[in-house]
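Analysis of the macromolecular model
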Amino acid sequence: MKYYSTNRKSPSVGFKEAVINSLPPDNGLYFPESIPVLSPEVLNNFRSMALPEIGFEMMKAFASDIPEADLRSILEDVLSFDIPLVQVEEDIYSLELYHGPTYAFKDVGARFLARCLGYFSQDQDEEVTILVATSGDTGGAVANGFYGVEGVKVVILYPSGKVSDLQEKQLTTLGGNISALEVDGDFDDCQALVKQAFLDKELNEKLSLTSANSINIARWMPQSIYYAWMLKQLESEDLLIAVPSGNYGNITAAMFAKRLGFPVGSFLACSNANDVVPRYLETAAYSPKATVATYANAMDVSMPSNFPRMQELYDSSYEAITADVSGFTLSDDQILQTISDCRRESKYLLDPHGAIGYAALKQHCQPGQRGVFLETAHPIKFAPTMAKALGQELHMPDFAAGLMSREKVSQKIGKGYGELKEWLME
Ligand SMILES: *Cc1c(COP(=O)(O)O)cnc(C)c1O
């Protein structure tokens, strides 16, 4: 498989190069040259396959530089935790994606990327530096995926004061080959710094840089696998899928699964007050505003970097996009109310991100229509918000208590590029 740039001003490259480069030099995003529909054999039989097997069938055309036996074992290793579909109400289901090692859906993509890079760097001596911007959960998942891996250094940029305490501990307490830079800005500033570093020739001559954000195809594509897994557990004609969205990697992975031939139905792009995409879907005008902090902090993104991929998936046709996707927005007050209502009425614990997806289904599902929302992170990651919503503290599981007792180590930097560059060049 070849990957072209969505800006169309850089040459196409193979899978390995696209993964290692992360971004094409023209500042677009890599995108597969074709998305072949899976064979009828796979589409008719995936319901009897195991999760890694489904993943293999979905990824094999795309991860073309990895021999099939290696790809199979990578996927078995990556997809080794539960992804249960839980019935919340008669027609509403939760796809719980937080049972991995860092308690958020980011584990799936981060682990796949880590294993792919590990495979490619087997016969390479040069140290690789992985730069990653995080709105909360990516950093922890990537740090976990690469912790202790020889020849790899991970540098995490996170917005100071804008991630939850538990998320911060996940990024700042590992040490070893993991460094955390605390940026005086928001997630969009962090993401802009990462992009700028990639376009900096001098820096790239000195360091072998890779990104672990969903701009990297090996982070983005495997997220499509759990949509097929969900369909295996719930057969339905016109399923509505509500995806809590920030950088729009997860929902575009759902659209990718649909292009592969899975009957995934239609989508709700669920956002907090950072609602650039729902406004676009409503008005056809794409006009980012400044990022605001919300209780669903992992979605505090005002310039979603995967938006060009969404356009690419629908040939930039506004009509085609809006035929498949509607927008939904929930305020902070409504997030608290939703968590409280759902706990009382359905005995189900939503996290602040999943709450937006659940509320979207409550409003948009037609009578008799089934809906699935994605539970993207464990509620304990947002303990203060949960306490506010429920009027009582959540029980703290052991893993969380252990993390909270560790000491944070981070380096503060400003949002100008100069400080980051200086730090990296040292
Ligand atoms: C990253 C994240 C999101 C947003 O996912 P995108 O793929 O960036 O749209 C939603 N919820 C949680 C908990 C996250 O960590």
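Cut-off values and rules
- Residues numbered from 1 in each chain as written.
- Predicted model: local features only at pLDDT ≥ 70, side-chain atom pairs only at ≥ 80, totals over all residues.
- Heavy atoms only, no water.
- Helix = DSSP H or I, 4+ residues; strand = E, 2+ residues; numbered from the N terminus.
- Polar contact = N/O pair within 3.5 Å; in protein donor to acceptor, adjacent residues only side chain to side chain.
- Buried < 20%, exposed > 50% of the residue type's maximum accessible area, 1.4 Å probe, protein only.
- Pairing = 2+ DSSP bridges.
- Near = heavy atom within 4 Å.
- Areas by Shrake-Rupley, 256 points an atom, 1.4 Å probe, with all protein chains shown as cover.
- Nonpolar A, V, L, I, M, F, W, Y, C, P; charged D, E, K, R; others polar.
- Axes fitted to C-alpha atoms, helices over the stretch in contact; angles between N-to-C directions.
- Contact = heavy atoms within 4.5 Å.
- Phe/Tyr/Trp six-rings, centres within 6.5 Å; stacked < 30°, edge-to-face > 60°.
- Right-handed = clockwise from strand over helix to strand, strands pointing away.

Glancing now at the environment of Lys408. You can see Lys408 is positioned in the loop between helix H19 (398–404) and strand S14 (411–413). Here the alpha-carbon distance between Lys408 and Gly100, two residues 308 residues apart in the chain, equals 22 Å. A distance of 3.3 Å separates a polar atom in the side chain of Lys408 from a polar atom in the side chain of Glu182.

Once that is clear, we can look at the pairing of strand S5 (residues 92–96). In terms of residue burial, S5 counts as a mostly covered element, since five of its five residues are buried. Of the two faces of S5, both are covered, the one formed by Ile92, Ser94 and Glu96 as well as the one formed by Tyr93 and Leu95. Pairing of strand S4 (residues 85–89) with S5 involves four bridges; the strand directions are antiparallel. Bridge pairing in S5 links Leu85 to Leu95. Linking S4 back to S5 in an antiparallel pair, the connection comprises two residues. Sheet analysis places S5 next to strand S13 (residues 371–375), joined by five bridges and oriented parallel. Each residue of the ladder has a partner; that of Tyr93, found in S13, is Val372.

Attention shifts here to the side chain of Thr173. Here Thr173 shows up in the loop between helix H7 (165–172) and strand S8 (178–183). A polar contact is formed between the side chain of Thr173 and the backbone oxygen of Lys169, at a distance of 2.6 Å.

Here the focus is the site of the ligand. Surrounding the ligand, one finds 15 residues, the nearest of these being Lys106, Asp137, Gly246, Asn250 and Thr376. Between an oxygen atom of the ligand and a main-chain N or O atom of Gly249, the distance comes to 3.2 Å. Taken by itself the ligand offers 390 Å² of open surface, and the protein chains cover 98% of this. For the shell around the ligand, the per-class residue count stands at six nonpolar, seven polar and two charged.

As a further point, take the sheet that holds S8. Pairing between sheet strands relies on hydrogen bonds along the backbone, with the strands arranged either parallel or antiparallel. Ordered by their spatial adjacency, five strands build an open sheet running S9-S6-S7-S8-S14, and the pairing between neighbours is parallel. Edge strands, defined here as strands with exactly one partner in the open sheet, are strand S9 (208–211) and S14. Mean inter-strand twist for the sheet, computed between neighbouring axes without regard to direction, equals 30°. Of the strand pairs in this sheet, strand S6 (residues 128–133) and S9 are connected by four bridges, and their pairing is parallel.

Quick look at helix H18 (residues 383–390) now. Regarding H18, the residues found buried are Ala383, Thr385, Met386, Ala387 and Ala389. Along its buried surface, H18 packs onto helix H16 (332–346) and helix H17 (352–364). Just past H18, the residue Gly391 takes up positive phi, approximately 75°.

Where two aromatic rings form a pair, the distance of their centres and the angle of their planes describe that pair. Taken as a whole and judged by the stated rule, the model has 16 aromatic pairs. Here the aromatic rings of Tyr3 and Phe15 are separated by 6.2 Å at their centres, their planes lie at 45°, and the arrangement is tilted. Linking Tyr3 in strand S1 (residues 2–5) with Phe15 in helix H1 (residues 15–21), this pair joins segments that are 12 residues apart in sequence. The buried category is assigned to Tyr3, whose relative accessible area is 0%.

A few words now on the environment of Ser410. Residue placement: Ser410 occurs in the loop between H19 and S14. Along the backbone, Ser410 and Leu350 are 60 residues apart, and their C-alpha atoms lie at a distance of 30 Å. Apart from the residues within four sequence positions on either side, Ser410 is in contact with Tyr158, Thr172, Ala180 and Glu182. A distance of 2.8 Å separates polar atoms of two side chains, one belonging to Ser410 and the other to Glu182.

Most of S6 is tucked away: six of the six residues are buried. Neither face of S6 is exposed, since Val128, Ile130 and Val132 on one face and Thr129, Leu131 and Ala133 on the opposite face are all buried. With six bridges connecting them, S6 and strand S7 (residues 152–159) associate as parallel partners. Bridge pairing in S7 links Leu131 to Val155. Traced from S6 through helix H6 (residues 138–146) to S7, the parallel crossover comes out right-handed.

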